[in-house]
Amino acid sequence: MFEFIENVARYPFLQHAVAAGLLASVACGVVGTYVVVRRITYIAGGIAHCVLGGIGIARYLNIEHGWTWLTPLGGATVAAIIAALLIGWVSLRAKEREDTIISALYAVGMATGVLFIQITTGMATDLQSYLFGNILLVTPQQIWMIGVLNAVIVGAGLLFYKQLLAVCFDEEFARLRGVPVELFYLLLLCLAALTVVLLSSVVGIILVIALLSLPAAVAGFFCRSLWQMMISATLLCTLFVIGGLWTGYSLNLLAGPTIIVWAGGSYLLVTAARAAGRLRRA
Amino acid sequence: MRRWFSHTSAAPPGCVEGTAAGGRRPRAVATVGLATGAEHPREAPLSIHDMTVAYQQRPVLWDVDYDAPEGSLVGIVGPNGAGKSTLLKAVLDLVPKASGRVMFYGQPYRRQRALVGYVPQRESIDWDFPVSALDVVLMGRYGRIGWFRPVTRAHRLAALDALARVGLADLARRQISQLSGGQQQRVFLARALAQEARVYLMDEPLASVDATTERTIIAILRELRDEGRTVLVVHHDLQTVPEYFDHVLLLNTRVVAHGPTARTFTAENLRKTYGGRLTLLEEAAHALAQRGGGAPA
Ligand SMILES: Nc1ncnc2c1ncn2[C@@H]1O[C@H](COP(=O)(O)OP(=O)(O)OP(=O)(O)O)[C@@H](O)[C@H]1O
Ligand SMILES: [Mg+2]
């Protein structure tokens, strides 16, 4: 651990990775909590896979057509928001079709991404880092974008705390109090989409859903209120990211999957500890 | 019935809206013996005029006309599936009305939200949600606090006060999943109390509570009435109706009778409410079908 800290102090690329991880953790804690308590992780999963389509198209336009202003992160953001609104619209208007639409988006998003990556010169090698994360390759410019996204997400998530709590906990009650329930549901999906984009720059789009939901799920075991859960989830996410970076770096493993193993391991541990506790009490 | 009910309440956002847009609505109906607007005192706490509600074209409430007297404790009584829960939901714009008009103190609900409190049936809640009893009760004050203002000490005290009133002061910090069914029920009553509404609509607040809790809740309902508020309560136990309520609304798809309990809660009216259920429904379905397909009036 000590050696890792020394290296962080020495190498800017590790500092960037840590900074990106810390920023992403805050969004993860706030939005992950809403997503877990409202039980919509499967929707966030669908959005995550559409992100690859956005990345592929953005890179294609960027390299083949010289749209230099269009970054993969920008493409990912646009694709995620479109996917969120599309799924949200379907789930509000035709709930019985929701799972079909989400499954279709999963596949179509991935397929689009892979096709555009195939026809874009020199991009195939990047595929792995989009799928499984490239936190060690984060540039200072990307950190800026991550910071802005983070401010938007956390700002909205906290500003609308009461409305989102009411909508997540008791939708009927929120409606009676005059909260535009549909609007806030869509807002929640958009926040989830932006968080997915943020986290996917840390662990990649395949693994992002675990990082979005596991810290909040672990926090949910011992928190009695939503804001406690948000703070705990943020701290847990930080722990997983730093822990994953450290073990990954020390053992020369990919950072993204290592972070997820930390998160999954902790979740299993807490679940097992609780089960054991319940057995002993019984 | 319960299953239908929980299905509606657990439905995702927009589902109710979806049926509203998709379902065919009968035109506004004019009936024989039509109650004109003039018969409704303008300032009645709750005034329902000619309201019909249908789920997928099957009428559940038919031509309901009712004015709640100010400062009264009203029992809404009828068999399972009579449309009692639907009545409350339609009045609160939670399910669409096929026709009719509902006013609270002369204004539609959307203008009077702050004045109207609602205690739902218990099913609709995700009990694993990480909120404490106090958090839930505080939600009752959201309208007063303001959506973008922090919760102040005064509001917290008001919420604690409401919890104390239902006898749960000690459990304020407890997560709702760790409360018993009767305690959960009382938390939702406390949320409504914390709202300080003038009209209360409660859907079976006395279901599944023990005798002591029932007495506590009834005492609270009486206090509310004595403060001049109007309280409408869906109630199942016919034995206790005369003791608890000054007014009753006997409902079975239609309003069978309403008025002061002593005069209205008679064997004859009860027989009509509980005995003739099928015939009433069929009559209504038949009439609705005719109107839906008939020539424009
Ligand atoms: N979402 C729905 N879709 C279709 N039918 C419904 C729906 N909700 C209720 N119903 C039907 O409407 C009728 C009235 O239901 P409601 O829940 O209002 O009855 P209730 O008087 O509250 O009954 P209970 O005493 O069982 O609570 C029932 O026949 C029920 O089957
Ligand atoms: Mg009911």
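Residues numbered from 1 in each chain as written. Chains lettered and ligands numbered in written order. Predicted model: local features only at pLDDT ≥ 70, side-chain atom pairs only at ≥ 80, totals over all residues. Heavy atoms only, no water.

We now examine helix 1 (residues 2-10) of chain A. Residue and element names in this part refer to chain A. When we look at burial in helix 1, the residues that qualify are Phe4, Asn7 and Val8. For helix 1, the angular spread of the buried residues around the axis is 105 degrees, confining them to a single face. The outward face of helix 1, more than 90 degrees from its buried face, is lined by the exposed residues Phe2, Glu3, Ala9 and Arg10. Of the surrounding elements, those touching the buried residues of helix 1 are helix 2 (12-37) and helix 12 (226-251). (Buried < 20%, exposed > 50% of the residue type's maximum accessible area, 1.4 Å probe, protein only. Helix = DSSP H or I, 4+ residues; strand = E, 2+ residues; numbered from the N terminus. Arc of directions from axis to C-beta. Contact = heavy atoms within 4.5 Å.)

Residue and element names in this part refer to chain A. A cluster of basic residues, Arg274, Arg278, Arg280 and Arg281, forms a positive patch at the surface. Along the chain, arginine 278 turns up in helix 13 (residues 255-281). Under the relative-accessibility criterion, arginine 278 is labelled partly exposed at 49%. (Patch = residues over 30% accessible without salt bridge, like charges linked within 9 Å, V, L, I, M, F, W, Y side chains within 5 Å. Areas by Shrake-Rupley, 256 points an atom, 1.4 Å probe, with all protein chains shown as cover. Salt bridge = Lys/Arg side-chain N within 4 Å of Asp/Glu carboxyl O. Lys, Arg positive; Asp, Glu negative; His and termini not counted. Charge placed at Lys NZ, Arg CZ, Asp CG, Glu CD.)

Attention now goes to the pattern of salt bridges. With the rule as written, the count across this model stands at 16 salt bridges over all chains. The residue Lys89(B) makes a salt bridge to Glu172(A) at a minimum N-O spacing of 2.8 Å. Remark: Glu172(A) occurs in helix 9 (residues 171-176) and Lys89(B) occurs in helix 3 (residues 84-91); the pair is interchain, linking two chains. The shortest N-O distance in the salt bridge between Glu196(B) and Arg141(B) comes to 3.0 Å. One end of the pair, Glu196(B), is in the loop between helix 7 (181-195) and strand 6 (199-203); the other, Arg141(B), is in the loop between helix 4 (133-139) and helix 5 (142-145), with 55 residues separating them in the sequence.

With that settled, consider the sheet that holds strand 8 (residues 247-252) of chain B. Residues and elements named next belong to chain B. If you trace the six strands from one edge of the open sheet to the other, you get 5-6-7-3-8-9, paired in mixed fashion. Each having just a single partner strand, strand 5 (116-119) and strand 9 (254-260) make up the two edges of the open sheet. If you compare each strand with its neighbour and ignore which way they point, the axes differ by 15 degrees on average. Of the strand pairs in this sheet, strand 3 (residues 73-77) and strand 7 (residues 230-234) are connected by four bridges, and their pairing is parallel. Each residue of the ladder has a partner; that of glycine 75, found in strand 7, is valine 233. Those strands touched by helix 3 are strand 3, strand 5, strand 6, strand 7 and strand 8, and its axis lies near 145 degrees from that of strand 6. (Pairing = 2+ DSSP bridges. Axes fitted to C-alpha atoms, helices over the stretch in contact; angles between N-to-C directions.)

What follows deals with the sheet that holds strand 1 (residues 46-55) of chain B. All names here are of chain B. Here we have three strands laid out as an open sheet, ordered 2-1-4, and antiparallel in their pairing. Two strands lie at the open edges of the sheet, namely strand 2 (58-68) and strand 4 (99-103), each paired on one side alone. Recorded for the sheet is a direction-independent mean angle of 20 degrees between the axes of neighbouring strands. Where strand 1 lies against strand 4, four bridges are found, and the strand directions are antiparallel. Note on strand 4: the bridge partner recorded for serine 47 is methionine 103. The sheet strands contacting helix 3 are strand 1, strand 2 and strand 4, and the helix crosses strand 1 at an angle near 115 degrees.

Moving on to the pairing of strand 7 of chain B. Residues and elements named next belong to chain B. Judged by how many residues are buried, strand 7 sits mostly within the fold: five of five residues are covered. Burial along strand 7 is two-sided: Thr230, Leu232 and Val234 and Val231 and Val233, pointing in opposite directions, are all buried. Here strand 6 runs beside strand 7; their pairing, made up of five bridges, is parallel. What sits directly across from valine 199, in strand 7, is threonine 230. Note that the unit made of strand 6, helix 8 (residues 211-226) and strand 7 has a crossover that is right-handed. (Right-handed = clockwise from strand over helix to strand, strands pointing away.)

Taken together, the contact pairs 42 residues of chain B with 31 residues of chain A. Roughly 3100 Å² is buried in total at the junction of chain B and chain A, and carbon and sulfur atoms are behind 61% of that figure. One salt bridge connects Arg39(A) with Asp126(B), and the closest N-O pair in it is separated by 3.1 Å. Summed over the shared surface of chain B and chain A, the number is twelve residue pairs in polar contact (both at pLDDT 80 or more). Elements supplying a minimum of two residues to the side of chain B that touches chain A: helix 2 (15-22), strand 5, helix 4, helix 5 and helix 7 of chain B. Here the residues of the side of chain B that touches chain A sort into 25 nonpolar, eight polar and nine charged. (Buried area = accessible area lost by both parts, 1.4 Å probe. Polar contact = N/O pair within 3.5 Å; in protein donor to acceptor, adjacent residues only side chain to side chain. Nonpolar A, V, L, I, M, F, W, Y, C, P; charged D, E, K, R; others polar.)

These figures come from the coordinates and say nothing about function on their own.
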